[in-house]
Amino acid sequence: MATRDRAARAAMPRLKENDTQSKRQRTAAGTAPRPPLSTASQNAAAPPPTEAPIEFAGREDVDALLNEKIKGKNKMDYKGRSEQMIEYIKKLRACIKWLLEREDANLAEIGKLNGLIDAADKHHAEIVAQLECKIQESVSMKEELQKQYATLGESLKKVEAEQMECLRSYGDEKEARIAAESSRNELSEELNRVKLEQKRLNDQIKMLQDTNKRLQEYNTSLQQYNCNLQADATKNAETIEKLQKEKNTMVETMNGLKDHSNSLKLQLDMTKSSQNEALKQKNNLLNEVEALRGELQQVRDDRDHKSAEINSLLSDLGAFKELTGKSSTELENVMIRCDLLEETCSNQNEQIKTLQIQLASANEKLKRSNLTTMETMSEYENQKRMLEDLQLRLTEAEQKIVDGEKLRKKLHNTILELKGNIRVFCRVRPLLSNESGAVSYPNNGENIGRGVELMHNTQAYSFAFDKVFDHSASQEDVFTEISQLVQSALDGYKVCIFAYGQTGSGKTHTMMGNPEFNDQKGLIPRSLEQIFETSQSLMSQGWKYKMQASMLEIYNETIRDLLAASRTSIQDGAASKYNIKHDSNGNTQVSDLTIVDVRSINEVSSLLKRAAQSRSVGKTQMNEESSRSHCVFTLRIFGVNEGTDQQVQGVLNLIDLAGSERLNKSGVTGDRLKETQAINKSLSSLSDVIFSIAKKEEHIPFRNSKLTYLLQPCLGGDSKTLMFVNLSPEVSSTSESICSLRFAARVNSCEIGVPRRQTQMRSLSQG
Ligand SMILES: Nc1ncnc2c1ncn2[C@@H]1O[C@H](COP(=O)(O)OP(=O)(O)OP(=O)(O)O)[C@@H](O)[C@H]1O
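Residues numbered from 1 in each chain as written. Predicted model: local features only at pLDDT ≥ 70, side-chain atom pairs only at ≥ 80, totals over all residues. Heavy atoms only, no water.

1. Some points on the overall build of the protein chain
Okay, so step 1: Across its full length, the protein chain carries 16 helices and 15 strands.
Okay, so step 2: Residues classed as buried in the protein chain amount to 34% of the 767 residues present.
Okay, so step 3: Here the contacts in the protein chain between residues at least 6 apart in sequence split such that 73% fall between residues at least 24 apart.
Okay, so step 4: Of the roughly 47400 Å² that the protein chain leaves accessible, carbon and sulfur atoms contribute 54%. (Helix = DSSP H or I, 4+ residues; strand = E, 2+ residues; numbered from the N terminus. Buried < 20%, exposed > 50% of the residue type's maximum accessible area, 1.4 Å probe, protein only. Contact = heavy atoms within 4.5 Å. Areas by Shrake-Rupley, 256 points an atom, 1.4 Å probe, with all protein chains shown as cover.)

2. Looking at the side chain of Thr 708
Okay, so step 1: Within the element layout of this structure, Thr 708 appears in helix 13 (residues 706–710).
Okay, so step 2: Excluding anything up to four places from it in sequence, Thr 708 contacts Ser 682, Ser 685, Leu 686, Val 689, Pro 701 and Phe 702.

3. Topic: a nonpolar patch on the surface
Okay, so step 1: On the surface, Ile 127, Leu 131, Ile 135 and Val 139 cluster together to form a nonpolar patch covering roughly 330 Å² of accessible area.
Okay, so step 2: Following the sequence through the fold, Ile 127 ends up in helix 4 (residues 78–324).
Okay, so step 3: Here Ile 127 falls in the partly exposed class, since its relative accessible area comes to 35%. (Patch = residues over 30% accessible without salt bridge, like charges linked within 9 Å, V, L, I, M, F, W, Y side chains within 5 Å. Salt bridge = Lys/Arg side-chain N within 4 Å of Asp/Glu carboxyl O.)

4. Here's the deal with the UniProt feature "binding site: ATP" (unreviewed entry) in the protein chain
Okay, so step 1: Here the UniProt-annotated "binding site: ATP" (unreviewed entry) positions come out as Gly 501, Gln 502, Thr 503, Gly 504, Ser 505, Gly 506, Lys 507 and Thr 508.
Okay, so step 2: By secondary structure assignment, the location of Thr 503 is in the loop between strand 6 (494–501) and helix 7 (507–511).
Okay, so step 3: On the accessibility criterion, Thr 503 (34% relative accessible area) is partly exposed.
Okay, so step 4: Secondary-structure assignment places Thr 508 in helix 7.
Okay, so step 5: Judged by relative accessible area, which is 39%, Thr 508 ranks as partly exposed.
Okay, so step 6: Ignoring sequence-local partners within four residues, the contact set of Thr 508 consists of Gly 513 and Asp 656. (UniProt positions renumbered as here; feature names shortened; annotations may be inferred.)

5. Some details on the pattern of salt bridges
Okay, so step 1: Overall, the coordinates contain 9 salt bridges when judged by the stated rule.
Okay, so step 2: One salt bridge in this structure joins Glu 68 and Lys 91, with 3.5 Å as the shortest N-O distance. Residue Glu 68 is found in the loop between helix 3 (59–67) and helix 4, and its partner Lys 91 is found in helix 4; the two are separated by 23 residues along the sequence.
Okay, so step 3: Among the residues examined, Lys 91 registers a relative accessible area of 4% and is labelled buried.
Okay, so step 4: With a shortest N-O distance of 2.3 Å, Arg 560 and Glu 553 are connected by a salt bridge.
Okay, so step 5: By relative accessible area, Arg 560 is classed as buried at 3%.
Okay, so step 6: With relative accessibility at 2%, the residue Glu 553 sits in the buried group.

6. A word on the sheet that holds strand 4 (residues 459–464)
Okay, so step 1: One open sheet holds the 3 strands; their spatial order is 2-3-4, and the pairing between them is antiparallel. Bordering the open sheet on either side are strand 2 (439–440) and strand 4, each of which pairs with just one other strand.
Okay, so step 2: In the sheet, strand 2 pairs with strand 3 (residues 451–456) via 2 bridges, with the strands oriented antiparallel. Paired with Ser 440 across the bridge in strand 3 is Glu 453. (Pairing = 2+ DSSP bridges.)

7. Points about the nonpolar core
Okay, so step 1: If you look at the biggest cluster of nonpolar residues, it comprises 47 residues, and the most contacted ones within it are Cys 426, Val 452, Phe 465, Leu 715, Met 723 and Leu 741.
Okay, so step 2: By residue number, the principal contributor to this core is helix 12 (residues 670–694), which donates 6 residues.
Okay, so step 3: Beyond its immediate sequence surroundings of up to four residues, Leu 741 is in contact with Cys 426, Val 452, Leu 454, Phe 463, Phe 465, Val 725 and Leu 727.
Okay, so step 4: Of all hydrophobic cores here, the second largest spans 40 residues; its members include Val 486, Leu 490, Leu 563 and Leu 652. (Core = buried A, V, L, I, M, F, W, Y, C linked by side-chain atoms within 4.5 Å.)

8. Comments concerning the pairing of strand 8 (residues 558–561)
Working note: regular strand, side chains alternate between the two faces of the sheet.
Okay, so step 1: One ladder, built from 4 bridges, connects strand 7 (residues 543–555) with strand 8; its direction is antiparallel. Its bridge partner being in strand 8, Leu 552 is matched across the sheet by Asp 561.
Okay, so step 2: Linking strand 7 to strand 8, which pair antiparallel, is a turn of 2 residues; within it Asn 556 sits at a positive phi near 50°.

9. A look at the pairing of strand 4
Okay, so step 1: Note: strand 3 against strand 4, 6 bridges, orientation antiparallel. Counted as the bridge partner of Val 452 is Phe 463 from strand 4.
Okay, so step 2: Taking the residues between adjacent antiparallel strands as the criterion, strand 3 and strand 4 are bridged by 2 residues, where Asn 457 takes a positive phi near 50°.

10. A closer look at helix 6 (residues 475–490)
Okay, so step 1: Taking 1.5 Å of rise per residue, the 16 residues of helix 6 would be expected to cover 22 Å, and the 22 Å separating its terminal C-alpha atoms lies within 8% of that figure.
Okay, so step 2: At Ile 482, helix 6 shows its strongest bend, of approximately 50°.
Okay, so step 3: Counting buried residues along helix 6, 12 of its 16 residues qualify, which places the element largely inside the surrounding structure.
Okay, so step 4: Along helix 6, the positions that sit buried rather than exposed are Gln 475, Val 478, Phe 479, Ile 482, Ser 483, Gln 484, Leu 485, Val 486, Gln 487, Ser 488, Ala 489 and Leu 490.
Okay, so step 5: The positive-phi residue at the C-terminal boundary of helix 6 is Gly 492, with phi of around 105°. (Expected span 1.5 Å × (residues − 1). Bend = angle between axes of the 7 residues up to and from the residue.)

11. Focus: the environment of Leu 711
Okay, so step 1: Among the structural elements, Leu 711 can be located in the loop between helix 13 and helix 14 (712–716).
Okay, so step 2: Accessibility expressed as a relative area gives 1% for Leu 711, which makes it buried.
Okay, so step 3: Considered as a pair, Leu 711 and Ile 655 are 56 residues apart in the sequence and their alpha carbons are 9.8 Å apart.
Okay, so step 4: Not counting residues within four places of it along the chain, the set of residues in contact with Leu 711 comprises Cys 496 and Ile 655.

12. Topic: helix 15 (residues 734–748)
Okay, so step 1: In this model helix 15 runs 20 Å from its N-terminal to its C-terminal C-alpha over 15 residues, within 8% of the 21 Å that 1.5 Å per residue would give.
Okay, so step 2: Within the span of helix 15, buried status applies to Thr 734, Glu 736, Ser 737, Ile 738, Ser 740, Leu 741, Phe 743, Ala 744, Val 747 and Asn 748.

13. A few points about the packing of helix 6 against helix 8 (residues 523–537)
Okay, so step 1: At a closest axis distance of 9 Å, the pairing of helix 6 and helix 8 adopts a crossing angle of 50°. By the criterion of interaxial angle, the relationship of helix 6 to helix 8 is oblique. Handedness of the helix 6/helix 8 crossing: right-handed. Note on element contacts: helix 8 touches helix 6 through Leu 523, Arg 526, Ser 527, Gln 530, Ile 531, Thr 534 and Ser 535, opposite Gln 475, Glu 476, Val 478, Phe 479, Ile 482, Ser 483, Val 486, Gln 487 and Leu 490.
Okay, so step 2: For the contact of helix 6 with helix 8, the per-class residue count stands at 7 nonpolar, 7 polar and 2 charged. (Axes fitted to C-alpha atoms, helices over the stretch in contact; angles between N-to-C directions. Parallel < 35°, antiparallel > 145°, perpendicular 65-115°, else oblique. Left-handed = near helix turned anticlockwise from the far one by under 90°. Nonpolar A, V, L, I, M, F, W, Y, C, P; charged D, E, K, R; others polar.)

14. Details of a negative patch on the surface
Okay, so step 1: Together, Glu 381, Glu 388, Asp 389 and Glu 396 make up a region of like negative charge exposed at the surface.
Okay, so step 2: Residue placement: Glu 381 occurs in helix 5 (residues 328–419).
Okay, so step 3: A relative accessible area of 33% places Glu 381 in the partly exposed class. (Lys, Arg positive; Asp, Glu negative; His and termini not counted. Charge placed at Lys NZ, Arg CZ, Asp CG, Glu CD.)

15. Regarding the packing of aromatic side chains
Okay, so step 1: Counted under the stated rule, the structure contains 8 aromatic pairs.
Okay, so step 2: Residues Phe 425 and Phe 469 carry aromatic rings whose centres are separated by 5.8 Å and whose planes lie at 70° to one another, so their mutual orientation is edge-to-face. A residue pair is termed long-range when its members are at least 10 positions apart, and Phe 425 in strand 1 (residues 423–428) and Phe 469 in strand 5 (residues 467–469) qualify at 44 residues. This pair shows no difference in class: Phe 425 is buried, exactly as Phe 469 is.
Okay, so step 3: Residues Phe 463 and Phe 465 carry aromatic rings whose centres are separated by 6.4 Å and whose planes lie at 5° to one another, so their mutual orientation is stacked. Of the two residues, Phe 463 and Phe 465, both sit in the buried class.
Okay, so step 4: In textbook terms, an aromatic cluster arises when at least three aromatic residues are bridged by ring pairs, as seen for Phe 425, Phe 469 and Phe 724.
Okay, so step 5: Across from the ring centre of Tyr 493, 3.9 Å away, lies the NZ or CZ of Lys 720, which sits over that ring.
Okay, so step 6: A cation over a ring is seen here: Arg 746 above Phe 691, with NZ or CZ 3.7 Å from the ring centre. (Phe/Tyr/Trp six-rings, centres within 6.5 Å; stacked < 30°, edge-to-face > 60°. Lys NZ or Arg CZ within 6 Å of the ring centre and 35° of its normal.)

If you want it as structure tokens, here you go:
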């Protein structure tokens, strides 16, 4: 069969090859025109053409050649016929040659193709052998698989039997497991409960340990801080005292020198006037001497004249005596006259001598007064130089004091900045006449001035803060402690001071006091006075300040503008205005809130009066008491130094919080209950915020109340915050006081971050 295929395949290419060949030749004939085969017959009469090669394109040409007929011009044209015959024979020969060539080419092609077919047959035989091997393998594999299938069938049967067994035992086990699981659930619930309890206890322990650790650290840092502060304060006080003494001495010396200089000036003036007098006298004397000299000359001339006269008279007399012998009386008269003249002459000589003596002594006096004047002048110059020297030293000493003060301020600020905590001061108000006290203070140990102790149900409670003011502390004492903090608002810090405590514990007294009386003024009026005074004194250093004040009240979570111009707008406070917004710099804006530019302390005083009036109007309108609302006074300070172009922007927030008493103690109902709940909500929001900050939680719930949202930049940012915890010392308030103190202690341990000063260069901010 294979041989038959091969023969058929060998025959097929041969025919194909002929076709291909003829096609190729036809294509070649198509592209290159060739002379027609009947050329000879057509040109029989023409002379025989030069031998052109005869080409065949294929079978058609051969058929055409075979069908060609030999025709003469007539039957007798043998010559023409024989020529055509010769031509035809030539063509036949060429055709036979072409056919032979084609036969050779075809044979060569057939040989090549037969070689290819043999190779393909060989390859085919190999593939067939491989396939047969594979088939053998598959058959043996199939047998193997059939055996395995049989074995697996048996195993499956066994497994099914086992599975049935297992299902039966699984049913039993399931029941047992359900029972075990229920008991396990019970146990795990118990375990979870125990774990939760353990976690809670661990947290509590950890918290206590943390608190303890922080308290210890805080205590150490406070001790360190205290020591440093005390050392600084002592050093600064010593330096200031020394500088003050030096300044006083200098001032005294300068005053003495000034007196001395004044007396010297007086003396100099006197000397000058006496010198002028002497000069005048001297001139008079000189004039007199001149006159006397003239007179003397006159007298001398007179005398000479008289002497000449006498001589002439004497000669006349002698001549007369000799010649005429006139009477002796006449002679005597002449003699008397002569004597008189001589006497006058000697008198005048005397006078001249006296005058000369007088002149010499006047000259002497003049010389002496000139000398004294010179001495006085040089002494005056010395004194003047000394005075200038002292003034220079005084300026230097004053500069040193200013520098020392600056350094102290800087150190103080650095300490506060490093500490980063909310500072807490405690103030205990005095007992009223009918009250008995439960508060005492440590009188030895490290807590002097910082500790406060309470007795409650025979148990003692001790607390320590940054400072404790007992009942005897005056408004001024309290202000002295916070004046530096207030001062830093002028330096560009945000400062927030708030008073916390139960009703009647002295918050309003501490914050506002009675501005009408000097010794009863609270922190707000005192701070404002200090800020205005300092801003005035800083003008000499090129600082110019602009201040803006606002004052609001938060009552039942509603803001009321205490500086609004009219009563209506105060009532409007209940509407949806007064939205609180904070910008990226931590500055707070309350929409529609009245902001007043204040230029003097008098303006602030009238503002405070206005606010107090608004509060009392609010009180009667809403039937509330002062203690039921939070009162927030804000002073914004914008400072620019004309010399250095430095700009600062500080804020001072002074807040009198609502009373912090608990509901069960107040025992109130109705509107008062609503008020108390609102107060408790905002104060508990305040404590939530502070404790979240203390725990460094990611989310601080500032937005939970208006108060905390308003204070957000002060509590959660870079401001300097101080809390006053006010206490009522009477026994009945002890439990409320302990609550306040516990809250204050936690606040005290709260780190809110490092205070940041808001300052920039004017050119930058304006560019
Ligand atoms: N340190 C003090 N020295 C003298 N008197 C004080 C002192 N502290 C408070 N008082 C007086 O105690 C009374 C209650 O004080 P104050 O009104 O300031 O308390 P409060 O805490 O502001 O109360 P409320 O929460 O009701 O506003 C006032 O008469 C006040 O003058």
